[in-house]
Amino acid sequence: MLGGIGARLVGKGLVGKGWVGLRAMGGTPRAMSSSVFDNRVNDHIWLRAECLPGEKRTPLTAADASDLIAEGYRVTVEKSSQRIIPTEAYEAIGCDIVEEHAWKNQDHVPEDAFILGLKHLGELPDQVAHRHIYFAHCFKEQSGWQKEMTRFESGNGAILDLEFLTDEDGRRVAAFGYYAGYAGMAIGMRHAFSNDHSKLVPWSSFATKEKLLDNIASGVQTVPRRVVVIGALGAAGRGAVQAFKDVVARTETDVALSAWDIDEMALPSTRPDILQHDLFVNCVYVRGPTEPFVTTDGLALGGPDRPLRHLVDVSCDPNSPYNPIPVYNTETSFSDPVHTVSLDAPGVPPLQVVGISNLPSLLPLEASEFFSSALLPSLLELRHGGAVWKRAEQVYEKVRGDLRQ
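Residues numbered from 1 in each chain as written. Predicted model: local features only at pLDDT ≥ 70, side-chain atom pairs only at ≥ 80, totals over all residues. Heavy atoms only, no water.

*Asks:* Honestly, the packing of aromatic side chains in this entry has me stumped. Any pointers?
*Replies:* For any pair of aromatic rings, the description rests on two quantities: the centre-to-centre distance and the angle between the ring planes. Under the counting rule described, the total for this entry stands at twelve aromatic pairs. Relative to Tyr 179, the ring of Tyr 178 lies with its centre 5.5 Å away and its plane at 80 degrees, an arrangement referred to as edge-to-face. Connected via pairs of aromatic rings, a cluster forms that spans Tyr 178, Tyr 179, Tyr 182 and Phe 370. Over the aromatic face of Phe 114 sits the side chain of Arg 131, whose NZ or CZ is 3.8 Å from the ring centroid. (Phe/Tyr/Trp six-rings, centres within 6.5 Å; stacked < 30°, edge-to-face > 60°. Lys NZ or Arg CZ within 6 Å of the ring centre and 35° of its normal.)

Structure, rendered in structure tokens:
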């Protein structure tokens, strides 16, 4: 029986809410001399174009932008060569349209604009002047976190990180976790159980979940296999389990699923038993030190007959000091999805790792609609600097304080 809530790991246990692990980095959030919401109108949202190749998702759909405009917000949208929702859809409902990456010409962007996006900003500008809402991936001492924070510190900007937008109980208000897990399991099963590996590279996005399943089903061998999902009760874990069920239903493949969470991870036999599965899908988000799930030494000790040959790291935080999968340190991509971990052990097979940080982009429209609808209530509270945003500001100020130490 699965127990607890598996979404994050702190110390040696899984926790299901909050940003508890961040506290382990030391100290309490420092008070700001003034809030980033003070003395500003706070009703202008600027949707930027993504610079990550192949990133078709958007945090704000045209339909939800229409609701913002109806409530008196100004919405500016950059043109994008890859966004899944066409620019014309935003223009039709009254958004202001500007050129792709226009936000980087910061002197021409109103001071009160919130720059909304998903992934990293790119290398330029060196100094960031505005308030940015995105997944910064620099609040947990990831590689390069000081450089990213310094850009905002020197430019007098601020990060309101989407990852740390939480309600009063510490639960994230909007996340792509379910679709990350779904896509990760789908890709993992296609790679691990494929009957034609020549068709695996590169991956591209799918218009619907049904089309993705058609692709997976067309290339999966119907042979007995074992799959394990860790963090099965979190959003990503639920997505991974559902994808497993959908693929098995399509293919009638004889595959057994181990869906593990807090109770199972507390058992001393659990980590060694991971190696007895053909495919391991990690859906645990780590925010503090923990015992690794797999190691290169453990893989080597598994010997030539070790079943585990494929791993999908849905949580994908290889540059974090808390990475529970310390067998790789470089993200993969849809164009080059697999990293091969070779072992210094004669006759022992390598491990094939998929570590794609934007897995939900495999289903960009469905994932965007899901995320945008969840984020909308918080965006409507921006002008008031609502509690969700004040909590995010506190996290930013705490990391800003760590930078100064």
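*Asks:* Would you mind going over the sheet that holds strand β15 (residues 351-354) with me for this structure?
*Replies:* Backbone-to-backbone hydrogen bonds pair the strands of a sheet. The strands run either parallel or antiparallel. The six strands lie next to each other as β10-β9-β11-β13-β15-β14, forming an open sheet whose pairing is mixed. Of all the strands in the sheet, just β10 (255-260) and β14 (338-341) have a single pairing partner and so form its edges. The average undirected angle you get between the axes of adjacent strands in this sheet is 20 degrees. Direction of pairing for strand β9 (residues 225-230) relative to β10: parallel, over a ladder of six bridges. Looking at β10, one finds that Val 229 is bridged to Ala 259. Running over the sheet, helix α5 (residues 177-192) touches β9, β11 (279-282), β13 (310-313), β14 and β15 and is turned about 165 degrees from β11. Taken strand by strand, helix α7 (residues 235-251) contacts β9, β10 and β11, and its axis lies near 170 degrees from that of β10. (Pairing = 2+ DSSP bridges. Helix = DSSP H or I, 4+ residues; strand = E, 2+ residues; numbered from the N terminus. Axes fitted to C-alpha atoms, helices over the stretch in contact; angles between N-to-C directions. Contact = heavy atoms within 4.5 Å.)

*Asks:* Hey, could you run me through the packing of α5 against helix α6 (residues 209-217) in this one?
*Replies:* Packed helix pairs are specified by the crossing angle of their axes together with the interaxial distance, meaning the distance between the axes. Where α5 contacts α6, the two axes come as close as 9 Å, and the packing angle between them is 20 degrees. On the basis of their axis angle, the class for α5 and α6 is roughly parallel. Contacts from Tyr 178, Tyr 182, Ala 186 and Arg 190 of α5 reach α6 at Lys 209, Leu 212, Leu 213, Asn 215 and Ile 216. Of the residues that constitute the contact of α5 with α6, the class distribution is six nonpolar, one polar and two charged. (Parallel < 35°, antiparallel > 145°, perpendicular 65-115°, else oblique. Nonpolar A, V, L, I, M, F, W, Y, C, P; charged D, E, K, R; others polar.)

*Asks:* What's the story with the sheet that holds strand β8 (residues 158-161) in this structure? I'm lost.
*Replies:* Reading across the sheet, the six strands line up as β5-β4-β3-β6-β7-β8 and stay open at both edges, with parallel pairing between neighbours. The sheet is open, and its two borders are formed by β5 (96-98) and β8, each paired with just one other strand. Along the sheet, successive strands turn relative to each other by an average axial angle of 25 degrees, direction set aside. As defined by bridge partners, strand β6 (residues 113-116) adjoins strand β7 (residues 131-134) across three bridges and the pair is classed as parallel. Bridge pairing in β7 links Leu 116 to Ile 133. Strands in contact with helix α12 (residues 387-404) are β7 and β8; relative to β8, the strand with the most contacts, it is inclined by about 120 degrees.

*Asks:* Looking at this structure, I do not really get the pattern of salt bridges. What am I missing?
*Replies:* Pairing between side chains of opposite charge can happen when the charged atoms of each approach one another. A full pass over the atoms with the stated rule returns 17 salt bridges. The structure contains a network of salt bridges with shared partners spanning Glu 153, Glu 397, Arg 400 and Arg 404. (Salt bridge = Lys/Arg side-chain N within 4 Å of Asp/Glu carboxyl O.)

*Asks:* Help me understand the packing of helix α2 (residues 62-70) against helix α11 (residues 364-379) in this model?
*Replies:* Between α2 and α11, whose axes approach to 10 Å, the crossing angle comes to 15 degrees. In this view, α2 runs roughly parallel relative to α11, as classed from their interaxial angle. Between α2 and α11 lies a crossing of right-handed hand. Across the interface between the two elements, Asp 64, Asp 67 and Leu 68 of α2 pack against Ser 372, Ser 373, Leu 376 and Leu 379 of α11. For the contact of α2 with α11, the class distribution of residues is three nonpolar, two polar and two charged. (Left-handed = near helix turned anticlockwise from the far one by under 90°.)

*Asks:* Please explain the environment of Asp 161 as it appears in this structure.
*Replies:* Among the structural elements, Asp 161 can be located in strand β8. Residue classification places Asp 161 among the buried residues on the basis of a relative accessible area of 1%. Residues Asp 161 and Tyr 134, spaced 27 residues apart in sequence, show a C-alpha to C-alpha distance of 5.3 Å. Beyond its immediate sequence surroundings of up to four residues, Asp 161 is in contact with Tyr 134, Phe 135, Ala 136, His 137 and Phe 139. In this structure the side chain of Asp 161 is engaged in a polar contact, spanning 3.2 Å, whose partner is the backbone nitrogen of Ala 136. (Buried < 20%, exposed > 50% of the residue type's maximum accessible area, 1.4 Å probe, protein only. Polar contact = N/O pair within 3.5 Å; in protein donor to acceptor, adjacent residues only side chain to side chain.)

*Asks:* Even after reading the chapter, I still don't get the pairing of β15, so can you show me in this structure?
*Replies:* Pairing between β13 and β15: three bridges, direction parallel. Residue pairing in the sheet places Val 312 in a bridge with Val 354 of β15.

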